[in-house]
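In case you want the letters, here they are:
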Amino acid sequence: MATDKRTDKGLNRRAYVPMLLATTILAAGAPALAQEQQDADGTSMGLEEIVVTAQKRSENLQDVPVSILAYGNEKLEELQVSDFFDYAKYLPSVSYQTFGPGATLVYMRGVASGGDGNHSGSLPSVGIYLDEQPITTIQGSLDVHIYDIARVEALSGPQGTLYGASSEAGTLRIITNKPDPSAFSAGYDLEVNSVAHGEMGYVGEGYVNAPVADNAAVRLVGWYQQDGGYIDNIAGIRTYPTSGLSDDNSAVAEDNYNDVKTYGARLALKVDLNENWTITPSIMAQKQESNGVFGYDSSVGELQVRHIHPEFYNDKWVQAGLTVEGKVGNFDMVYAGTYLRRGIDSAADYADYAYFYDVLYGYGAYFYDDMGDLVNPTQYIQGRDRFTKQTHELRFSSPAENPLRFVGGLFYQRQSHNIQQRYLVDDIATDIEVPGWSDTIWLTKQRRIDRDYAVFGELSYDATENLTLTGGVRVFRYKNTLEGFFGYSSNFSSRTGVAACIGGIDGPVLVEGSPCTNLYDENVSTTSNVVPRAAEKTDLTYKFNAAYKIDDDSMVYATWSRGFRPGGINRRGTLPPYQPDFLTNYELGWKTSFMDKRVRWNGAFFLQDWKGVQFSLLGQNGLTEITNATQARIKGVESDVSILLTEGFTLTGNAAYTVGKLTEDYCGEAAPDGTPITDCADPQAPDGTRLPVTPKFKTSWTGRYEFPVGEFNAAAQAVVAYQGSSFTDLRILERGIVGKQDSYTLADFTFSLSKDNWTVTAYLQNAFDKRASITRYAECAETTCGDEIYIVTNQPRTFGLKFGQKF
């Protein structure tokens, strides 16, 4: 099969875009906090200093030899950021796939193979943190509402030395505002908005910071958000050829089908025990209730679907944390511990699968009732997922002013996922149901446990006044297990499901609610001692960095680092385990400020070798299969700029140019030990195939002008964001069926008036009502359901009014 060598028009001159990014300010990116510093008489002194904690200590962004973008509290408010989708637009190295709120897969710097994050899928390659607490679960990260947030930091490239396994390609950090014992403060914001082609939306948010003693304070934050729907489930009838029976969805047809309700709270207590020791317990909880689907059916119409069964996705979680900060001698010590419980209840229409399997294979002939008569074979899915996660990190760091500095510690993490998925066909015969589960033709009832242990450290040495050398290592061990049941009843399949259980239907049960156990370690298990299947490994990651300060305002640096992602067990027990993948990163970067600090320009060139690429796909029966797709190479450049053009007028922007390609054939097969097979006559993705999901070019620009209007302070802001085209799948055949995701450009406009302690804001998002193609998918394997392609798009044009006060 020939390699896909198509390129975006105008971007096939390989040197053009990198040269433009590297040699002109007008091809750069968008860091945080473009406010001005001022002296005592109000004279502008340039852009404000940005303080980050990316290296586990507070530092000026311009002194950190890491590619970082950071958005502070004021900037997040100006950009109307309330969730991940809002701030991802301003992070050029971030790409993602999503199926709706709470179901988003995040990637950075092109490290994306597509399809990760399904049930018992690969762990994420991007770590997401809330303060010191990792919030990346097995199936993806928490969808945290953004309000009263001090800062969002995006760290590009492997961060495995300080942040661990889920930071193979990068790390996103959400830093909350902490309780402040020095003064009382409070605030609230109220918003109403209207979505084109859809419904009204409402938001109410507020916080209170209250000192309870000279050395203690509490901070309470709450929010409620109602997002209007904009996708219609239109009425229609579908007839199954084998039985002649029909689906009629008139009972669930509804305009604006995909509304979302999100509400939650965050409470933190900070106690300064003495001048050296502080404890901060916190708890955060959120419930998100989503209805309908967020991808429209391209064969039905724009912003339309024709689904048969009710659909929802309810995501509820609570996370408690404790941070202890203090001094042991001259060393700073931090302990951070968290415990998370998350529950997802969902329902999804699966009628496309039933229809196309009936059309192609006469599947409807297998579904009958207790009288032997054929029943309507339409299917739907009910899911019940329960997650727990606990993490513990103990970290020490030496004084920051010393020429030789150390950060290091210990890390432990344990997370579990109890998986329940029922594939239902109403009124089927008792003898073809999964035993104990009425109307259930297929059941997945499994338990997955992932354990991680690590020792880590970084050592920095100021070799000269201008040159700093840093070396780091993280020694890790992981052990991931999977056990339980998947499949049909023995009367529906004589080889899989119950028929494959150890000891048959009367055999041992490892996961409560299972009819029996067919996913276990066949090599060592007996009916009296059933052992889960396991994947485990001990290895290390590393980082070496050299940073040279040219002067007080300019620095260059070079980094060689390695990130990893653990291997694991396939849900389909007949498949071998998948192996860990590793990312080796080579990076050259710069950080500069000039024109009296009125311009700040940072950027980095990078080359990454990705070995053992984990690739997830929907295989037989719509079950996730994971294989290792040999190796790939990713090249790119990313850059950001902030410019204080005139008094009150700031221009910020960002851009990334990324090209990732396979460097060996992907055959889609693995040896018994999980090692990828690369020698095949007809590879599914040949050497040179472009990696999916990530566009070659992504950029955003923000212009903001602040000016007086009588006794009021006014601000006008415009944002333009562009993203290039991409594919959703690595495999050539499947990407041809699903189609290419076209490039798009979005524009937002904001105007605000403020006086004293209040602000009124009017905004227009997606002003020209463009339809971005964010994710394209089919309900089952593309080669079967490829005539019914769904496109997850952005929210249509939205006009909103917001009023806020601070006290």
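Let me begin by describing the structure that accompanies this report. (Residues numbered from 1 in each chain as written. Predicted model: local features only at pLDDT ≥ 70, side-chain atom pairs only at ≥ 80, totals over all residues. Heavy atoms only, no water.)

### As for the overall build of the protein chain
Selection rule: Helix and strand assignments follow DSSP, with helices taken as H or I runs no shorter than four residues and strands as E runs no shorter than two, numbered in order from the N terminus. We compute the radius of gyration over the C-alpha atoms and compare it with the globule rule, which gives 2.2 Å times the number of residues raised to the power 0.38. For the exposure calls, accessible area comes from a 1.4 Å probe over protein chains only, and a residue counts as buried if that area is under 20% of its type's maximum, exposed if over 50%, partly exposed in between. In these tables, accessible area is a Shrake-Rupley quantity obtained with a 1.4 Å probe, and a residue counts as shielded only by the protein chains included in the view. By the counting scheme adopted, Arg and Lys are positive, Glu and Asp are negative, and His together with the chain ends is not counted. Note on charges: their place is set at NZ of Lys, CZ of Arg, CG of Asp or CD of Glu.
In terms of helices and strands, the protein chain carries 7 helices and 44 strands. Here the C-alpha atoms of the protein chain give a radius of gyration of 27 Å, agreeing with the 28 Å that 2.2 N^0.38 yields for 807 residues. Projecting the C-alpha coordinates of the protein chain onto the three principal axes gives extents of approximately 90 × 60 × 55 Å. Residue burial in the protein chain is summarised as follows: out of 807 residues, 60% are buried. Of the roughly 30900 Å² of accessible surface on the protein chain, a fraction of 54% belongs to carbon and sulfur atoms. Charge centroids of the protein chain, computed over 69 positive and 100 negative side chains, lie 5 Å from each other.

### Some remarks on the side chain of E587
For clarity, the threshold we go by: Definition of a polar contact: a pair of N or O atoms within 3.5 Å, with one able to donate and the other able to accept a hydrogen when the atoms are protein atoms, and with sequence-neighbouring residues admitted only if both atoms are side-chain atoms. By the convention used here, residues are in contact when the closest approach between their heavy atoms is within 4.5 Å.
Note that E587 resides in strand β32 (residues 581-594). Residue class for E587 comes out buried when judged on its relative accessible area of 6%. Reaching out from E587, the side chain makes a polar contact with the side chain of Y557 at a distance of 3.0 Å. Non-local contacts of E587, meaning those with residues more than four positions away in its chain, are made with S67, R109, Y557, A558, T559, A604, F605 and F606.

### Some details on unusual backbone geometry
Across residues other than glycine, the phi torsion is negative in most instances, and most of the peptide bonds are trans. Positive phi outside glycine occurs at H197, with the angle close to 65 degrees. Relative to the helices and strands, H197 resides in the loop between β14 (185-195) and β15 (200-213). One non-glycine residue, D427, lies in positive phi territory at about 70 degrees. Given a relative accessible area of 55%, D427 falls into the exposed group.

### So, the sheet that holds strand β42 (residues 775-777)
Rules: Pairs of strands are assigned from DSSP output, requiring at least two bridges between the strands. In this description, a line fitted to the C-alpha atoms serves as the axis of each element, helices being fitted only across the stretch in contact, and the angle between N-to-C directions of two axes falls anywhere from 0 to 180 degrees.
The antiparallel open sheet is built from 3 strands, whose spatial order is β22-β43-β42. Single-partner strands in this sheet number two, and they are β22 (295-297) and β42. Ignoring strand direction, the axes of neighbouring strands in this sheet form an average angle of 25 degrees. Where β22 lies against strand β43 (residues 790-792), 3 bridges are found, and the strand directions are antiparallel. The residue bridging Y296 from the neighbouring strand is I791, located in β43.

### Considering the state of the cysteines
Applicable threshold: Put simply, a disulfide is two cysteine sulfurs that come within 2.5 Å.
One pass over the full model with this rule turns up 3 disulfides. The residue that forms a disulfide with C501 is C516, at a sulfur-sulfur distance of 2.0 Å. An S-S torsion of about 65 degrees defines the bridge between C501 and C516 as right-handed. Taken as a pair, C501 in the loop between β29 (467-487) and β30 (533-551) and C516 in the loop between β29 and β30 lie far apart in primary sequence, 15 residues in all. Both residues of the pair, C501 and C516, belong to the buried class. Through a disulfide, C667 is tied to C680; the S-S separation comes to 2.0 Å. Since a negative S-S torsion denotes a left-handed disulfide, the C667-C680 link at about -90 degrees is left-handed. Of this pair, C667 sits in the loop between β37 (649-662) and β38 (697-709) while C680 sits in the loop between β37 and β38; the two residues are 13 residues apart in sequence, bridging distant segments of the chain. For C667, a relative accessible area of 5% puts it in the buried group. For C680, a relative accessible area of 21% puts it in the partly exposed group.

### Concerning the side chain of D131
Relative to the elements of secondary structure, D131 occurs in the loop between β8 (126-130) and β9 (133-134). Reaching out from D131, the side chain makes a polar contact with the side chain of T176 at a distance of 2.7 Å. If sequence neighbours within four positions are ignored, D131 has contacts with R173, I174, I175, T176 and K178.

### Things to note about helix α5 (residues 351-361)
Helical periodicity: at 3.6 residues per turn, an α-helix aligns residues three or four positions apart in one direction. Within α5, the full set of buried residues consists of A351, D352, Y353, A354, F356, Y357 and D358. Where α5 is buried, its residues touch β18 (237-239), β19 (246-248), β25 (331-349), α7 (782-785) and β43. In the segment just after α5, G362 is the residue with positive phi, at about 65 degrees.

### Description of the layout of surface pockets
The test is simple: The method works on a 1 Å grid over the protein atoms by themselves. A cavity is a set of points holding a 1.4 Å probe that cannot get out, a pocket is an open set with protein on both sides within 12 Å along at least five of seven lines, and residues with an atom within 4 Å of a point line them. Grid points are joined across faces, edges and corners, and a volume is the space filled by probe spheres set on the points. Throughout, the ten residues Ala, Val, Leu, Ile, Met, Phe, Trp, Tyr, Cys and Pro are labelled nonpolar, Asp, Glu, Lys and Arg are labelled charged, and all others, Gly among them, are labelled polar.
Of the volumes computed, that of the second largest pocket is approximately 1100 Å³. Looking at the second largest pocket, it is lined by 46 residues, and the ones nearest its centre are T53, E132, K178, T323 and E325. Elements that contribute at least two residues to the lining of the second largest pocket include exactly β12 (149-156), β13 (170-176), β16 (216-227), β20 (260-272), β21 (278-291), β24 (312-328), β25 and β26 (380-397). It is β24 that contributes the most residues to the lining of the second largest pocket, 7 residues altogether. Tallied by class, residues from the lining of the second largest pocket come to 15 nonpolar, 15 polar and 16 charged.

### Re the nonpolar core
As a reminder of what qualifies: In this description, a nonpolar core means a group of buried Ala, Val, Leu, Ile, Met, Phe, Trp, Tyr and Cys residues linked to one another through side-chain atoms lying within 4.5 Å.
F84, Y87, L91, V94, L172, Y666 and L730 are the most contacted members of the largest nonpolar core, which has 54 residues in total. With residues up to four places along the chain from it excluded, the contact list for L730 reads S113, F615, A629, L662, Y666, A685, T689, R690, L691, P692 and R735. Residues I381, I441, L519 and A535 belong to the second largest nonpolar core, which totals 27 residues.

### Looking at a nonpolar patch on the surface
Condition: Here a patch means residues that are over 30% exposed by relative accessible area and free of salt bridges, tied together within 9 Å if like-charged and within 5 Å if nonpolar (Val, Leu, Ile, Met, Phe, Trp, Tyr). Salt bridge, as used here: a side-chain nitrogen of Lys or Arg that lies within 4 Å of a carboxyl oxygen of Asp or Glu.
On the surface, F184, V208, L220, L267, I283, V318 and F807 cluster together into a nonpolar patch covering about 620 Å² of accessible area. Summarising the element assignment, I283 is placed in strand β21.

### Examining the sheet that holds β9
Read from one edge of the open sheet, 5 strands run β5-β12-β13-β8-β9, paired in mixed fashion. Each having just a single partner strand, β5 (68-72) and β9 make up the two edges of the open sheet. Here β5 pairs with β12 via 5 bridges, running antiparallel. Among the inter-strand pairings, A70 is bridged to a residue of β12, identified as E153.

### Quick notes on the pattern of salt bridges
Within this structure, the stated rule accounts for 37 salt bridges. Here R704 ties to E706 by a salt bridge, and the two come within 3.0 Å at their closest N and O atoms. Taking the shortest distance from any N to any O, the salt bridge between R731 and E734 comes out at 3.5 Å. A single network of salt bridges, built from pairs that share partners, joins E78, R704 and E706.

### Section: the pairing of β21
Within a regular strand, side chains alternate between the sheet's two faces. Pairing geometry for β20 and β21, over 11 bridges, is antiparallel. The residue bridging V271 from the neighbouring strand is I279, located in β21. Following β20, the chain reverses through 5 residues before pairing antiparallel with β21. For β21 and β24, the ladder comprises 14 bridges, and the chain directions are antiparallel. Within β24, the residue paired with Q288 across the bridge is D315.

### Structural notes on the pairing of β29
Taken together, the 20 bridges between strand β28 (residues 440-462) and β29 define a ladder with antiparallel strand orientation. Bridge pairing links V455 to V475 in β29. Between β28 and β29, which follow one another and run antiparallel, lie 4 residues. By the bridge criterion, 16 bridges tie β29 to β30 in an arrangement that is antiparallel. Bridge pairing links G471 to F544 in β30.

### Points about the environment of N376
Secondary-structure assignment places N376 in the loop between α5 and β26. C-alpha separation for the pair N376 and Y240, spaced 136 residues apart in sequence, amounts to 7.8 Å. When residues no more than four places from it in sequence are discounted, the contact partners of N376 are Y240, L245, S246, D247 and V425. Within the local environment of N376, its side chain forms a polar contact with the backbone oxygen of S246, the two atoms lying 3.2 Å apart. Side-chain polar atoms of N376 contact the backbone nitrogen of T378, separated by 3.0 Å.

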